[in-house]
Amino acid sequence: MDEDKAAKADEYNETHRPQFHFTSRKNWLNDPNGLVFFEGEYHLFFQHNPDGREFGLMAWGHAVSRDLVHWRQLETALTPDALGLIYSGSAVVDWDNTTGFGQSGEKPFVAMYTAAGKPFTQCLAFSLDRGRTWTKYDRNPVLPHIAGENRDPKVVWHAASRRWVMALYLDGSDFALFNSPDMKTWTRLQTLTLPGCDECPDFFEMPVSEHKWVFTAANDRYLIGAFDGHTFTPETGVLPGDHGANFYAVQTYSDIPRADGRRIQIAWMRGGDYPRMPFNQQMSFPCELTLHRTPDGLRLHRQPVREIAGLYGEVKEWHDLTLAPGDNPLRALSGDLWDVSAEVEVGAATALRFQVRGAEVLYDVKAQALTALGRTAPLKLDGQRLTLRLLVDRTSLEVFGGGQVSLTGCFLPPPDDKALVVCAESGSAKIVSLTVHPLRSAWRSE
Ligand code: FRU
């Protein structure tokens, strides 16, 4: 194999390269930006320093996928200009050409982003070729500076009022909502303060069951309430989101077709360590959000999108198995990419423990708490029953307790440890079902 071919075969296959979580081919990434579905493609724009492995001269990188699993990185979409660096924002399809950017029936694909200059302002860009090339609006900025380093516009179409609605981070813990007929002139509707939160708001209607609006901040904490096009009225306090150490700058997809109706979210897995890698940082695996009325009130649940099944290898399953202390039914398995689902009756066990390449996931029965990679979330049993799901990639571990809680984290396992363990402590538990799917690499399984 010549050197060039060898380099290609190794690309996306380095020791610490995630195999089904998005990373940029090279260099730094942070927030997901401009998540939008258009003409069969999921777009993932992302905060990107095309020139280095650390945060720097920020641009919008760009990748597309037809299934949220296999991604192809395209040319960098938006690069810095006289107004500033290109910080986070969102994208929408302007179906009715309210911006007038569309020509000869072409639906404009519009991005709204922060120009991080002096001062920070909000700007528009549009594409008439499915996001391949972009033109910045010649009258930018469309929203002048308001406060601090105001940033991260997230735009959504509000059909009943026929207005675009924008959520924007202002300063401190303050956010604001605006509306506009054309994305070019904006009217402030409301200011919202979310204690303990800042940056990257998202604001969306849940299309199923309860029809509420959800307002999230970068750290995934959220409010649920009602929105009439002018005023968002929270009906909850600020609720906790993901409990892991590496889950930030959450954003959901715009323009998912009505027939699909899913609300799909991606986060930047902020942090982690990728020694000697050409890339730096990864995205969380796309998850579907659903809204539930629970005994504690309305809550969002989060589960990996079903498209992950496209990576499944030969499944291993166990049913109705007594798990006595010292047993490990996963003893024979070895690998680094897994989707593991378990339903367990805890029985006499005081804890249920998974070990993934040395990293620990522990359910403590007495404390009714789930710990993964050193972070803990409360998780009540359903009677005796515990439902867990683990997505294991080369440098990430996402743990789901039912849909209720999730712990998203980065880890750096020893390259030679490929072991999986499940065990019960101090007494026997019963495995109702245990399903282990080895996963193929998304980079080499198109
Ligand atoms: C969040 C954030 C945003 C900002 C972007 C810059 O991680 O700080 O507020 O727009 O990153 O890359």
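Preceding block: the structure.
Residues numbered from 1 in each chain as written. Predicted model: local features only at pLDDT ≥ 70, side-chain atom pairs only at ≥ 80, totals over all residues. Heavy atoms only, no water.

To continue, consider the overall build of the chain. Scanning the chain for helices and strands turns up one helix and 33 strands. Rg of the C-alpha trace for the chain: 22 Å, near the compact-globule value of 22 Å for 446 residues, within the 12% margin. Every one of the 446 residues in the chain was classed for burial, and the buried ones make up 57%. Pairs at least 24 residues apart make up 58% of the contacts formed inside the chain by residues separated by at least 6 positions. (Helix = DSSP H or I, 4+ residues; strand = E, 2+ residues; numbered from the N terminus. Rg over C-alpha atoms; globule rule 2.2 N^0.38 Å. Buried < 20%, exposed > 50% of the residue type's maximum accessible area, 1.4 Å probe, protein only. Contact = heavy atoms within 4.5 Å.)

So, on to the nonpolar core. Counting 39 residues, the largest nonpolar core has F20, F22, Y42, L44, W71, Y253 and M283 as the members making the most contacts within it. When residues of this core are traced back to their parent elements, those giving at least two are β1 (27-38), β2 (41-49), β17 (248-252) and β18 (263-269). A total of four residues in this core trace back to one element, the largest contributor, which is β1. Residues A342, V405, A424 and A429 belong to the second largest nonpolar core, which totals 38 residues. (Core = buried A, V, L, I, M, F, W, Y, C linked by side-chain atoms within 4.5 Å.)

With that settled, consider the sheet that holds strand β33 (residues 429-438). Taken together, six strands build an open sheet; the order of strands is β23-β33-β24-β29-β30-β31 and the sheet is antiparallel. The outermost strands of the open sheet, each flanked by one partner alone, are β23 (316-323) and β31 (405-410). Sheet twist, expressed as the average angle between the axes of neighbouring strands with direction ignored, equals 15°. Summarising the sheet, strand β29 (residues 385-393) and strand β30 (residues 396-401) pair through six bridges and their orientation is antiparallel. Paired with V392 across the two strands is L397, which belongs to β30. (Pairing = 2+ DSSP bridges. Axes fitted to C-alpha atoms, helices over the stretch in contact; angles between N-to-C directions.)

Inspection of every chain in the model, using the stated rule, returns 31 aromatic pairs. Taken together, a centroid distance of 6.0 Å and an interplanar angle of 75° make the contact between W28 and W268 edge-to-face. Here W268 lies in strand β18 and W28 lies in strand β1, a separation of 240 residues in the sequence. You can call W268 buried: its relative accessible area is 8%. Between F203 and F232 the ring centres are 5.3 Å apart and the planes differ by 80°, which places this aromatic pair in the edge-to-face class. Remark: F232 occurs in strand β16 (residues 232-234) and F203 occurs in strand β13 (residues 202-205); sequence separation between them is 29 residues. F232 shares its class with F203; the two are buried. (Phe/Tyr/Trp six-rings, centres within 6.5 Å; stacked < 30°, edge-to-face > 60°.)

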